[in-house]
Amino acid sequence: MATITEALTIALDLHIAGRFGEAQELYSRILDADPDQPDALHFLGVLTGQLGQGEVGLPLIARALVFRPEAEDIHANRGNLLRGLERMGEAADAYRHALALRPDFAEAWTDHASALRSLGDGDGAITALDRAVRAAPDLEAARERLAASLHERGRLLIEAGRASLALPFLFRAVELAPLDADLAFLLGNALYAAGLREDSLAPYRRAVMLVPDFLSATFNLGIALGQTGRLAVAVAVLSHAVRIDPTHLDALENLIPALYALGREAEANVWAGAALREKNRQAVAHAPALPELPAAPRAAEARTRDVVVFGLWGSSAPHRQGALENARLVPVLYPGWVCRVYHDDSTPAAILAELAASGAELVAMAPGSGVRNGPYWRFFASDDPTVRRFLCRDCGSRVGPGEVAAVKAWIASEQPFHIMRTHVLQTDLIPAGQWGGIAGLLPELRGLAERFARADTSRRPEQGFLRRFVWPAIRDHALIHDRTHDGLGLPFPDGADGPFDGSTASRGGQA
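Because the structure is predicted, anything quoted here is derived from the model rather than measured.

Peer 1: I tried to follow the overall build of the protein chain on my own but got confused; where do I start?
Peer 2: The secondary structure content of the protein chain amounts to 22 helices and 7 strands. Computed over its C-alpha atoms, the radius of gyration of the protein chain comes to 35 Å, more than 25% above the 24 Å expected for a compact globule of 511 residues. Along the three orthogonal principal directions, the C-alpha set of the protein chain runs to about 115 × 45 × 45 Å. Of all 511 residues assigned to the protein chain, the portion counted as buried reaches 50%. Here the analysis covers contacts within the protein chain between residues at least 6 apart in sequence; of these, 62% occur between residues at least 24 apart. Approximately 23000 Å² of the protein chain is accessible, and the part contributed by carbon and sulfur atoms is 54%. Between the mean site of the 51 positive side-chain charges and the mean site of the 62 negative ones, the protein chain shows a separation of 7 Å.

Now the structure itself:
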């Protein structure tokens, strides 16, 4: 006849083998013979928990602890049963008992971390997992969970704008999971956001080495290389990003100026054409439902005025000076046209007085509204019931004889809208300061723009607005003059190669 010790050995082997029914029966027989046998009580309690009967197992574990109160594994398994029953506070207490008895109990630290995490104690969970890994560096479950917890903490800190605080968590996570490309990428992002652009290169490179088609890491590596003065390498990396995803506009729009800065203008121009074609594809594919352009402007008989329109706000002295110079140039270059300047209360009264003295028509907008809405003000001339034609221009560049021939060609073409692109780096479908049209044809733009401005926080939101709401409506109804991008517009007419050059146009700030 087998002894209790021998029966326990057989029962435990059956338990480990997953033959729970047989193990349960044998544990029960042992307890029939010796109701206080602590190992049988302990193991049967664990087994019932594995069978989803934690409430049955808890009294068994409690009886085992009466006989072996110093057994750290029994305390830890009691914690596991309580955690399975979602009694997390009690589970955490049970794990603390186990760890007080055995401070290097790595498995208990790991399970304790799970309970703490469920209780919302993320810092405590990370500390517990770190103790587990230091106690047992080869315990894979602890390493993986600690790396994942550190990853999550780092990500949340970056999203909260606290990249510097994320760095210790992410460095430790990468140490634990050196083959995790996502972690390397996130560490690169944290370093870059913290202003450590040189240091961001190594983790970005690691991410790309681990996953060669990791688009975001490739793109960010290209940006970081450019920002640290390695333009030639940046071009190679950004070119790879575009090969991974030819529709990645950010990669295209950073590759183009990098090529241009290296003097590789022809290549830049090819990619600029690709960017314009892709923007057109996306704009058409995602165009909102807008009404068809009418055959004639609304209330056409009341529209008698032609205007060249600017927006002015903020404290930029060059843009204020540009507005003044344009106000003097418009009557000379566009006889019969009115220079109109939209502005808010940030424009000094003295500047407004000079503009008015030059013949400019001033349109006051809501105080302080320039920061959000200023980039769109020019477009509102399309809504004005007194305006026949409007030309949107930038304070950052000057109207000049070079554009006049193009505008005359547009008027003669009888197309309702006009778009000009004058530089390799102009990859906007409609450059915000180089377009115009017949007023009263487009839907009311002011309401659309003000709603769009509330939602869009990009660097050049007006370009996104034109691409989304205006380009799909006018792309087939516009005369496009394009000086550089082959096949994307007509050459400028003779006499249109004067000083006007949209490359100087504002890419942010006053319009």
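Peer 1: Looking at this structure, how should I read the nonpolar core?
Peer 2: Inside soluble globular proteins, nonpolar side chains tend to come together where they are buried. Counting residues in hydrophobic clusters, the biggest one holds 64 residues, and the most contacted among them are Leu 355, Trp 435 and Phe 465. Examining the composition of this core, we find that 7 residues originate from one element, helix H22 (residues 461–474), more than from any other. If near-sequence neighbours (up to four positions away) are discounted, Phe 465 is found in contact with Tyr 376, Phe 379, Leu 445, Leu 448, Ala 449, Phe 452 and Val 470. Ala 98, Ala 128, Leu 150 and Leu 176 belong to the second-largest nonpolar core, a separate cluster that totals 32 residues.

Peer 1: Help me understand the packing of helix H7 (residues 106–118) against helix H9 (residues 140–159) in this model?
Peer 2: The geometry of a pair of packed helices is captured by two quantities: the angle between their axes and the separation between those axes. Contact pair H7 / H9: the axes reach a minimum separation of 10 Å and the direction vectors enclose 30°. Classed by the angle they form, the pair H7 and H9 counts as roughly parallel. Of the two elements, H7 crosses H9, and the hand of that crossing is left-handed. Where H7 abuts H9, its residues Thr 110, Asp 111, Ser 114 and Arg 117 lie against Ala 142, Arg 145, Ser 149 and Glu 152.

Peer 1: I tried to follow the environment of Arg 205 on my own but got confused; where do I start?
Peer 2: Along the polypeptide, Arg 205 turns up in helix H12 (residues 197–210). Those residues within four positions of Arg 205 in sequence are excluded, and the remaining contacts are Leu 221 and Leu 225.

Peer 1: Explain helix H13 (residues 215–227) to me, please; I cannot follow it from the model alone.
Peer 2: Since one α-helical turn is 3.6 residues long, residues separated by three or four positions face the same way. Between its first and last C-alpha, H13 extends 18 Å over 13 residues, near the 18 Å set by a 1.5 Å rise per residue. With 10 of its 13 residues buried, H13 lies for the most part within the structure. Every buried residue of H13 is accounted for by Leu 215, Ala 217, Thr 218, Phe 219, Asn 220, Leu 221, Gly 222, Ile 223, Ala 224 and Leu 225. Structurally, H13 contributes buried residues whose contacts are with helix H11 (181–193), H12, helix H14 (231–244) and helix H15 (249–261). Following H13 by one or two positions, Gly 229 has its phi on the positive side, about 85°.

Peer 1: Please explain the sheet that holds strand E6 (residues 434–438) as it appears in this structure.
Peer 2: Working definition: the strands of a sheet are paired by backbone hydrogen bonds and lie parallel or antiparallel to each other. The 7 strands are arranged E3-E2-E1-E4-E6-E5-E7 in an open sheet whose pairing can be described as mixed. The open sheet has two edge strands, strand E3 (361–364) and strand E7 (478–482), and neither has a second partner. Recorded for the sheet is a direction-independent mean angle of 20° between the axes of neighbouring strands. On top of the sheet, helix H17 (residues 317–333) reaches strand E1 (305–312) and strand E2 (338–343); it is set at about 170° to E1, its chief contact.

What counts, and at which threshold
- Residues numbered from 1 in each chain as written.
- Predicted model: local features only at pLDDT ≥ 70, side-chain atom pairs only at ≥ 80, totals over all residues.
- Heavy atoms only, no water.
- Helix = DSSP H or I, 4+ residues; strand = E, 2+ residues; numbered from the N terminus.
- Rg over C-alpha atoms; globule rule 2.2 N^0.38 Å.
- Buried < 20%, exposed > 50% of the residue type's maximum accessible area, 1.4 Å probe, protein only.
- Contact = heavy atoms within 4.5 Å.
- Areas by Shrake-Rupley, 256 points an atom, 1.4 Å probe, with all protein chains shown as cover.
- Lys, Arg positive; Asp, Glu negative; His and termini not counted.
- Charge placed at Lys NZ, Arg CZ, Asp CG, Glu CD.
- Core = buried A, V, L, I, M, F, W, Y, C linked by side-chain atoms within 4.5 Å.
- Axes fitted to C-alpha atoms, helices over the stretch in contact; angles between N-to-C directions.
- Parallel < 35°, antiparallel > 145°, perpendicular 65-115°, else oblique.
- Left-handed = near helix turned anticlockwise from the far one by under 90°.
- Expected span 1.5 Å × (residues − 1).
- Pairing = 2+ DSSP bridges.

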